[in-house]
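Residue-level structure breakdown
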Amino acid sequence: MLSKNIIIYEQSQSNAASASFNVITFGAKPDGKTDSTQPFLKAWSAACSSASPSIVYVPRGSYLLKAIVFSGPCKNKITVQIDGTLVAPTDFRALGNSGYWILFIKVNRVSVFGGTLDARGAGFWACRKSGLNCPVGARSMTFNWANDILISGLTSINSQSMHLVINSCNNVLIRNVRVTAPALSPNTDGIHVQISTGVTITGSTIQTGDDCISIGPSTRNMLMSSIKCGPGHGISIGSLGKDVNEGGVQNITLTNSIFSGSDNGVRIKSWARPSNGFVRNVVYQNLIMNNVRNPIIIDQNYCPNNQGCPRQSSGVKISQVTFRNIKGTSATPEAVKFDCSSSNPCSGIRLQDIKLTYMNKAATSSCKNIGGTSSGVLMPQSCV
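Residues numbered from 1 in each chain as written. Predicted model: local features only at pLDDT ≥ 70, side-chain atom pairs only at ≥ 80, totals over all residues. Heavy atoms only, no water.

What follows is about the pairing of strand S21 (residues 264–271). The buried fraction of S21 amounts to eight of the eight residues, a majority that puts the element mostly inside the structure. Taken together, the four bridges between strand S19 (residues 235–240) and S21 define a ladder with parallel strand orientation. Across the sheet, residue Ile237 finds its bridge partner in S21, namely Ile268. (Buried < 20%, exposed > 50% of the residue type's maximum accessible area, 1.4 Å probe, protein only. Helix = DSSP H or I, 4+ residues; strand = E, 2+ residues; numbered from the N terminus. Pairing = 2+ DSSP bridges.)

Spelled out as structure tokens, the structure:
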């Protein structure tokens, strides 16, 4: 599923860039205290208006950035090479209420190499926990309406909210990233993808307080491989079906990945309310579960506080989902749970070679409103 475009695009990145813009030249200070937002914007502006391919270079050191928007369209491709650390203000309120910290918008052919993002989210999490009046929380790095994007070797720690967001994008490759936040930090999803086509995530380690990877509506042709997930809430499609009119999720593959101590393994979740959304053509294969609470779960009865779910039934139609060669240990007796919609039962669910144990014994499984097939070694015994 790795598109030819990404491969060709990646090769083109290695071409020698003819213009380089060092943020220090534009006044940035690598002391972690001086506000470098404007110098970074000036370096970006120079690169964006360059007729030839260019590099925005961030040398070693620590750079304080407030909320910042790198906007396009630009004249040619841009490589952002980060050898240092970008830090958010110590006062979490300084990022305001926009919902982002670092935002790339309407850009094409942008690559981000290396670097560490430290959003210093602990103060914001404490505010949330205390129930005080807090800002909405800033996502650390967001790409909106962007195409042909490469993110390689980036580290993101302690985001206020989601770490990396891909929204309304095409042809994105995320590789060798590391995402870290405490297990109890709220809503700190590692990577969130929505309304996007052709996203590949590979070779990445994600340890957070929410989903390692979350997949929202209108996401198609997505490949995830060699992911290490946990702690966190697993790799989730959803929550879907919050709105009546919602784009579906299709052609999603997760392979060769390891889950350790996460609340879920692979999860599909939808609201128990009317919707025309769907999930179809999903493959989960060659996965290892180490002490995972819900290794395999479909939950179509999501309804926090039991509000807004008139018939407690999801309109999201889930079909053609394959679970193949998934092995390891469950932290709970029930390792496989399919709780599908009573009005739109799951169909075409395939289980093949599943071996999940609980306390050195076969785990259990449960099924509601589901149709499909099972084959090969099946532990727990299939209820499909």
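For any pair of aromatic rings, the description rests on two quantities: the centre-to-centre distance and the angle between the ring planes. Within the structure shown, the criterion is met by 10 aromatic pairs. With a centroid separation of 5.3 Å and 50° between ring planes, the pair formed by Trp44 and Phe70 is classed as tilted. Pair noted here: Trp44 is in helix H2 (residues 37–48) and Phe70 is in strand S5 (residues 68–71), with a separation of 26 residues, a long-range link. Residue class for Phe70 comes out buried when judged on its relative accessible area of 7%. Geometrically, the ring pair formed by Phe323 and Phe338 is tilted, given 5.6 Å between the ring centres and 45° between the ring planes. Here Phe323, found in strand S24 (residues 317–330), pairs with Phe338, found in strand S25 (residues 334–339); they are 15 residues apart in sequence, far enough to count as distant. Each of the two residues, Phe323 as well as Phe338, counts as buried. By way of ring pairs, the aromatic residues Trp44, Phe70, Phe104 and Phe143 are connected into one cluster. We note Lys106 situated over the ring of Trp145; from NZ or CZ to the ring centre the distance is 6.0 Å. (Phe/Tyr/Trp six-rings, centres within 6.5 Å; stacked < 30°, edge-to-face > 60°. Lys NZ or Arg CZ within 6 Å of the ring centre and 35° of its normal.)

Quick look at the state of the cysteines now. This model, assessed by the stated rule, comprises six disulfides. The disulfide that involves Cys303 links it to Cys309, with 2.0 Å between the sulfurs. Judged by the torsion about the S-S bond (105°), the Cys303/Cys309 disulfide is right-handed. A single burial state applies to Cys303 and to Cys309, both of which are buried. Two residues share a disulfide in this structure: Cys367 and Cys383, whose sulfurs sit 2.0 Å from each other. Between Cys367 and Cys383, the S-S dihedral sits near 75°, and the bridge is therefore right-handed. Here the residue Cys367 occupies a position in strand S28 (residues 364–368), and Cys383 occupies one in the segment after strand S29 (370–379), the gap between them amounting to 16 residues. Judged by its relative accessible area of 32%, Cys383 is partly exposed. (Disulfide = S-S within 2.5 Å.)

Glancing now at unusual backbone geometry. Here the amide bond leading from Gly72 into Pro73 is cis, since omega sits at 5°, within 30 degrees of zero. Inspection of the secondary structure assignment puts Pro73 in the loop between S5 and strand S6 (78–87). Residue Gly238 is joined to Ser239 through a cis peptide bond whose omega torsion reads 15°. Here Ser239 is to be found in strand S19. The backbone of Asp148 shows a phi angle near 55°, a positive value even though the residue is not glycine. Inspection of the secondary structure assignment puts Asp148 in strand S10 (residues 147–152). You can call Asp148 partly exposed: its relative accessible area is 23%.

Our next topic: the nonpolar core. In this structure, Phe143, Tyr284 and Phe323 are the most contacted members of the largest nonpolar core, which totals 88 residues. Excluding anything up to four places from it in sequence, Tyr284 contacts Ile237, Leu254, Val266, Arg267, Ile268, Val321, Thr322, Phe323, Arg324 and Ile326. (Core = buried A, V, L, I, M, F, W, Y, C linked by side-chain atoms within 4.5 Å. Contact = heavy atoms within 4.5 Å.)

A few words now on the UniProt feature "active site" (unreviewed entry) in the protein chain. Mapped onto the present numbering, the UniProt feature "active site" (unreviewed entry) falls on His233. Along the chain, His233 falls in the loop between strand S18 (220–229) and S19. Beyond its immediate sequence surroundings of up to four residues, His233 is in contact with Gly209, Asp210, Asp211, Asp263, Asn264 and Arg267. (UniProt positions renumbered as here; feature names shortened; annotations may be inferred.)

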